[in-house]
Amino acid sequence: MSKLTLISHHLCPYVQRAAIALLEKGVPFERINIDLADKPGWFLKISPLGKVPLLRIEEEDGSEDVLFESSVICEYLEETQAGAALHPADPLARARHRGLMEFGSSVLSDLWGYETAQDAAQLEAKRKALTAKFATIEAALADGPYFAGGSFSLVDAVFAPVFRYFDLFDTLGDSGIFDGLDRVKRWRTALSARASVRDAVGEDYPQRLTEFLEKHNSILLRLPAAA
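Quick caveat: nothing in here was measured; it's all calculated off a predicted structure. For every chain, the first residue of the written sequence is number 1, and numbering continues from 1 onward in sequence order. pLDDT decides what is reported in this predicted model: residues at 70 or higher carry local features, side-chain atom pairs at 80 or more are listed and counted, and totals for whole chains, interfaces and linings draw on all residues regardless. Here the side-chain values reflect all heavy atoms present in the structure, with hydrogen atoms and water set aside.

Q: What's the story with the pattern of salt bridges in this structure? I'm lost.
A: Two side chains with opposite charge may pair up if their charged atoms get near one another. A pairing counts as a salt bridge when a side-chain nitrogen of Lys or Arg comes within 4 Å of a carboxyl oxygen of Asp or Glu. With the rule as written, the count across this model stands at 13 salt bridges. Here Glu-75 makes a salt bridge to Arg-98, at a shortest N to O gap of 2.9 Å. Separated by 23 residues along the polypeptide, Glu-75 in helix 3 (residues 70–80) and Arg-98 in helix 4 (residues 91–116) bring together distant segments of the chain. Judged by relative accessible area, Arg-98 falls into the partly exposed class, the value being 35%. Where helices and strands are cited, they refer to DSSP runs of H or I of at least four residues and of E of at least two residues respectively, numbered from the N terminus. Between buried and exposed lies partly exposed: a residue is buried under 20% and exposed over 50% of the maximum accessible area for its type, with that area taken using a 1.4 Å probe on protein chains only.

The following block contains the structure:
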């Protein structure tokens with residue numbers, strides 16, 4: 001059996017995707033967190049883009065390979081590891097899921113702008129962008145509890161880290177982003193209860209995210225506190 005090592009960062013949502021997939025598959029793996037502000041030399045040698053996640057694969061014969069990009073890692077795990085299927089069997093449905101995974105990355109791009117906004121105009125622009133994208137997701141959701149119904153999939157693994165941000169953001173102010181999106185809200189609740197989702201980050205995640213907001217002088221920390 002290959003030895004798998006996930007090269008990680010405490011907050012990175014893309015790392016969380018891979019961690020969730022590994023946990024869903026029940027695959028033993030080691031996790032190594034690095035400081036992205038002070039990347040170690042060994043990491044830069046094996047990471048073509050200087051980003052996490054990386055999946056280091058060590059074979060029994062001593063050979064080693066490294067995969068980068070979260071979607072590539074998740075697809076590799078789906079194709080090589082036992083455990084519950086995380087993609088639909090139907091090719092069209094599978095392609096649709098892959099498209100929604102990319103859509104999830106575009107949500108994360110807007111979310112970065114939202115959490116690092118330093119003035120009200122920036123925040124409102126990204127709030128509107130996120131609201132529109134979650135409205136698109138609302139129309140695509142089945143009856144739940146997960147994206148495609150009763151089976152957890154890689155689309156769920158992509159969006160669970162997105163929703164995790166709002167566990168903290170909701171304590172800072174009411175964004176209204178999920179207003180009227182009942183299916184999205186039910187989906188968010190179901191994902192937050194999933195063991196693989198909970199275990200994809202450390203217990204200090206909220207503290208680390210708060211420190212990130214402070215470092216970026218986020219206006220979210222200056223909003224009227226939520227009741």
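Here the narrative resumes, following the displayed structure.
Q: For this particular structure, what's the right way to read the nonpolar core?
A: Within soluble globular proteins, side chains that are nonpolar generally end up buried alongside one another. Here the nonpolar core consists of buried residues drawn from Ala, Val, Leu, Ile, Met, Phe, Trp, Tyr and Cys, with membership extended through side-chain atoms lying within 4.5 Å. Residues Leu-111, Phe-134, Phe-166, Phe-169 and Trp-187 are the most contacted members of the largest nonpolar core, which totals 68 residues. When residues in this core are grouped by element, the largest group, 13 residues, is from helix 6 (residues 154–172). The contact rule is simple, with two residues in contact once any of their heavy atoms fall within 4.5 Å. Discounting chain neighbours no more than four positions away, the residues touching Trp-187 are Ile-137, Leu-141, Pro-145, Tyr-146, Phe-147, Val-155, Asp-156, Phe-159 and Phe-163.

Q: Teacher, can you tell me more about a negative patch on the surface here?
A: On the surface, a cluster of negative charge is contributed by Glu-59, Glu-60, Asp-61, Glu-64 and Asp-65. By secondary structure assignment, the location of Asp-61 is in the loop between strand 3 (54–58) and strand 4 (64–68). Within the patch definition used here, like charges are joined within 9 Å and nonpolar side chains (Val, Leu, Ile, Met, Phe, Trp, Tyr) within 5 Å, considering only residues with over 30% relative accessible area and no salt bridge. Under the convention used here, a 1.4 Å probe and the Shrake-Rupley method define accessible areas, while residue burial counts only the protein chains that appear. His is not counted, nor are the chain ends; Lys and Arg add positive charge and Asp and Glu add negative charge. Charged groups are reduced to one reference atom each: NZ for lysine, CZ for arginine, CG for aspartic acid, CD for glutamic acid.

Q: Quick question: what am I supposed to make of the packing of aromatic side chains here?
A: Two numbers describe a pair of aromatic rings. These are the distance of the centres and the angle of the planes. Whether two aromatic rings pair depends on their centres lying within 6.5 Å, for rings of Phe, Tyr and Trp, where Trp uses its six-membered ring; planes under 30 degrees apart make the pair stacked, over 60 edge-to-face, and the rest tilted. Evaluation of the coordinates by the stated rule reveals 16 aromatic pairs. Arranged with centres 4.9 Å apart and planes meeting at 75°, the rings of Phe-166 and Phe-178 form a pair that is edge-to-face. With Phe-166 in helix 6 and Phe-178 in the loop between helix 6 and helix 7 (182–192), the pair connects residues that are 12 residues apart, well separated along the chain. You'll find Phe-166 and Phe-178 in the same group, each marked buried. Following the ring pairs from residue to residue traces out a cluster consisting of Tyr-114, Phe-134, Phe-147, Phe-159, Phe-163, Tyr-165, Phe-166, Phe-169, Phe-178 and Trp-187.

Q: Just checking my understanding: could you explain the environment of Leu-100 for this structure?
A: By the element assignment, Leu-100 lies in helix 4. When near neighbours in sequence (up to four residues on either side) are disregarded, Leu-100 contacts Ile-137, Phe-147, Val-155 and Phe-159.

Q: I would appreciate a short explanation of the packing of helix 4 against helix 5 (residues 120–140) in the present structure.
A: When two helices pack together, you describe them by how their axes are tilted relative to each other and by the distance separating the axes. Only the stretch in contact is used when fitting a helix axis, every axis being a line fitted to C-alpha atoms; angles between N-to-C directions are given from 0 to 180 degrees. The interhelical angle for the contact between helix 4 and helix 5, taken along N-to-C directions, is 160°, at an axis separation of 8 Å. In terms of their interaxial angle, helix 4 and helix 5 are classed as roughly antiparallel. Viewed along their axes, helix 4 and helix 5 form a crossing whose handedness is left-handed. Where helix 4 approaches helix 5, its residues Arg-96, Leu-100, Phe-103, Ser-106, Val-107, Asp-110, Leu-111, Gly-113 and Tyr-114 are matched on the opposing element by Leu-123, Lys-126, Arg-127, Ala-129, Leu-130, Lys-133, Phe-134, Thr-136, Ile-137 and Ala-140. Roughly parallel means an angle under 35 degrees; roughly antiparallel means over 145; roughly perpendicular covers 65 to 115; every other angle is labelled oblique. Helix crossings fall into two classes, left-handed where the near helix is turned counterclockwise from the far one by less than a right angle and right-handed where it is turned clockwise.

Q: Can you help me understand the sheet that holds strand 4 in this one?
A: The strands making up a sheet associate through backbone hydrogen bonding, with each pair oriented either parallel or antiparallel. Note on pairing: two strands pair once DSSP finds at least 2 bridges between them. Read from one edge to the other, the open sheet built from four strands follows the order 2-1-3-4, with strand pairing classed as mixed. On the outer flanks of this sheet lie strand 2 (30–33) and strand 4, each paired with one strand and no other. Adjacent strand axes in the sheet meet at a mean angle of 20°, parallel and antiparallel pairs treated alike. Where strand 3 meets strand 4, five bridges bridge the pair, whose relative direction is antiparallel. Bridged to Leu-54 within strand 4 is Phe-68. Of the strands in this sheet, strand 1 (3–8) and strand 2 touch helix 1 (residues 13–25), which is tilted by about 155° from strand 1.

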